[in-house]
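# Structural overview for review
For reference, the chains in residue letters:
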Amino acid sequence: MIKLLITGIWISAVALASVYYSVQTANKMEPAEPDPAMFGGLQSIRGEVTSIPVISGGAVKGYFLTRLSYTVDAEKTAKMTIPARDLVTDALYTALVGDRLIDFPNMTQFDLEGFKARILETINTRLGEEVFHDVVVEQIDYLSKEDIRTNMRRNTEAPPPGASVQGGKPARKAEAEVSH
């Protein structure tokens, strides 16, 4: 009978020890490594085409056109009360027009990395924390007034022979006549 009692205590002790060990192992949290900068938690926002007039000597000399995309912290942008696109447009105008980041008439070389860093700095400074992480350039163009005039002339040239003109636009000729 004593053997049976000792065996019961032994089995109970082993069962309790194994349950304790399994609970402790399951509750251990491994230290989470932060995700690399371009993975996890970031979202891409595609910007709009922004056209900024280039003024020199009191006259418009051309237009700086750009379309940028941004990687942002998704959780933080969800809490923002001002749309991210509006902040980006304001930062572009502030940097390019207000701060004269690019001096087009005297420009010899364009510092793309400096441009991207300045836009990020302007936006994140205004927000008070790092929400925007990277700027991705989709398009950057400069169109002088002469380029714009040339393109307008090409679009308003005379229509091809045989096309009739109605209201300034070429009209299509009827493809087939309706028979009775």
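Keep in mind it's a predicted model, so treat the numbers as computed, not measured.

## Here we look at the overall build of the chain
In terms of helices and strands, the chain carries five helices and six strands. The N-to-C order of helical and strand elements in the chain reads α-β-β-β-α-α-α-β-α-β-β. Every one of the 180 residues in the chain was classed for burial, and the buried ones make up 21%. Considering only contacts within the chain whose residues lie at least 6 apart along the sequence, 67% involve residues at least 24 apart. Split by element, the accessible area of the chain, about 13900 Å² in all, is 56% carbon and sulfur.

## What about a positive patch on the surface?
Positive charge collects at one region of the surface, where Lys 61, Lys 145, Arg 149 and Arg 153 lie side by side. Counting residues per element, the positive patch draws most heavily on helix H5 (residues 145-155), at three residues. When you line up the elements, Lys 145 lands in helix H5. For Lys 145, a relative accessible area of 32% gives the class partly exposed.

## Points about a nonpolar patch on the surface
Taken together, Trp 10, Ile 11 and Val 14 make up a surface patch of nonpolar side chains, about 350 Å² in accessible area. Secondary-structure assignment places Val 14 in helix H1 (residues 2-27).

## A word on helix H4 (residues 112-127)
Between its first and last C-alpha, H4 extends 23 Å over 16 residues, near the 22 Å set by a 1.5 Å rise per residue. All of the buried residues in H4 are Phe 115, Lys 116, Ile 119, Leu 120, Thr 122, Ile 123 and Asn 124.

## Some thoughts on the pattern of salt bridges
Under the criterion given, the structure shown has four salt bridges. The shortest N-O distance in the salt bridge between Lys 76 and Glu 129 comes to 3.1 Å. With Lys 76 in helix H2 (residues 74-79) and Glu 129 in the loop between H4 and strand S4 (132-144), this residue pair connects regions lying 53 residues apart in the sequence. Notably, a salt bridge pairs Glu 113 with Lys 116, separated by 3.8 Å at the nearest N-O pair.

## Considerations on the environment of Leu 92
Locating Leu 92 in the fold gives a position in helix H3 (residues 84-98). By relative accessible area, Leu 92 is classed as buried at 2%. For the pair Leu 92 and Thr 122, spaced 30 residues apart in sequence, the C-alpha separation works out to 8.6 Å. With sequence-adjacent residues up to four places away left out, Leu 92 is seen in contact with Thr 50, Ile 52, Thr 66, Leu 68, Tyr 70, Val 97, Phe 115 and Ile 119.

## Some words on the side chain of Thr 122
On the secondary structure map, Thr 122 appears in helix H4. One polar contact links the side chain of Thr 122 to the main-chain carbonyl oxygen of Arg 118, over a distance of 2.8 Å.

## Brief notes about the nonpolar core
By size, the foremost hydrophobic cluster in this structure holds 22 residues, and its most contacted members are Tyr 70, Leu 92, Phe 115, Ile 119, Ile 123 and Phe 132. When contributions to this core are tallied by element, the ones reaching two or more residues are strand S2 (50-56), strand S3 (59-73), H3, H4 and S4. The biggest single contributor to this core is H3, with seven residues. Setting aside residues no more than four positions away along its own chain, Tyr 70 makes contact with Gln 43, Ser 44, Ile 45, Val 88, Leu 92, Ile 119, Ile 123, Phe 132, Asp 134 and Val 135.

## Focus: the confidence of the model for the chain
Counting all residues, the mean pLDDT for the chain is 77, and 73% of those residues have values of 70 or more. Confidence, expressed as mean pLDDT per element, reaches its minimum in the chain at strand S6 (residues 169-171) with 46 and its maximum at H1 with 88.

About the thresholds
Every chain is numbered independently, its residues counted from 1 as its sequence is written. For this predicted model, a pLDDT threshold of at least 70 governs which residues receive local features, and a threshold of 80 or more governs which side-chain atom pairs are given and counted, while totals over whole chains, interfaces and linings are taken from all residues. Side-chain descriptors were evaluated using all non-hydrogen atoms of the structure, hydrogens and water having been removed beforehand. Only DSSP runs of H or I reaching four residues or more are called helices, and only runs of E reaching two or more are called strands; each is numbered from the N terminus. The rule is simple: take the accessible area with a 1.4 Å probe, protein chains only, and divide by the maximum for that residue type; under 20% is buried, over 50% is exposed, in between is partly exposed. Residues are treated as being in contact if the distance between any of their heavy atoms lies within 4.5 Å. Here the accessible surface of atoms and residues is derived via Shrake-Rupley with a 1.4 Å probe, and residues count as covered only by protein chains that are part of the display. Within the patch definition used here, like charges are joined within 9 Å and nonpolar side chains (Val, Leu, Ile, Met, Phe, Trp, Tyr) within 5 Å, considering only residues with over 30% relative accessible area and no salt bridge. A side-chain nitrogen of Lys or Arg and a carboxyl oxygen of Asp or Glu constitute a salt bridge if their distance falls within 4 Å. A positive count includes Lys and Arg, and a negative count includes Asp and Glu. His and the chain ends are not counted in either. All charge positions are set by atom: Lys at NZ, Arg at CZ, Asp at CG, Glu at CD. Helix span, expected: 1.5 Å multiplied by one less than the number of residues in the helix. Polar contact criterion, stated in full: a pair of N or O atoms within 3.5 Å, where within protein one must be able to donate a hydrogen and the other to accept it, and residues adjacent in sequence count only if both atoms are side-chain atoms. Put simply, buried Ala, Val, Leu, Ile, Met, Phe, Trp, Tyr and Cys residues joined by side-chain atoms within 4.5 Å make one nonpolar core. As a per-residue measure, pLDDT reflects the predictor's confidence and takes values from 0 up to 100.

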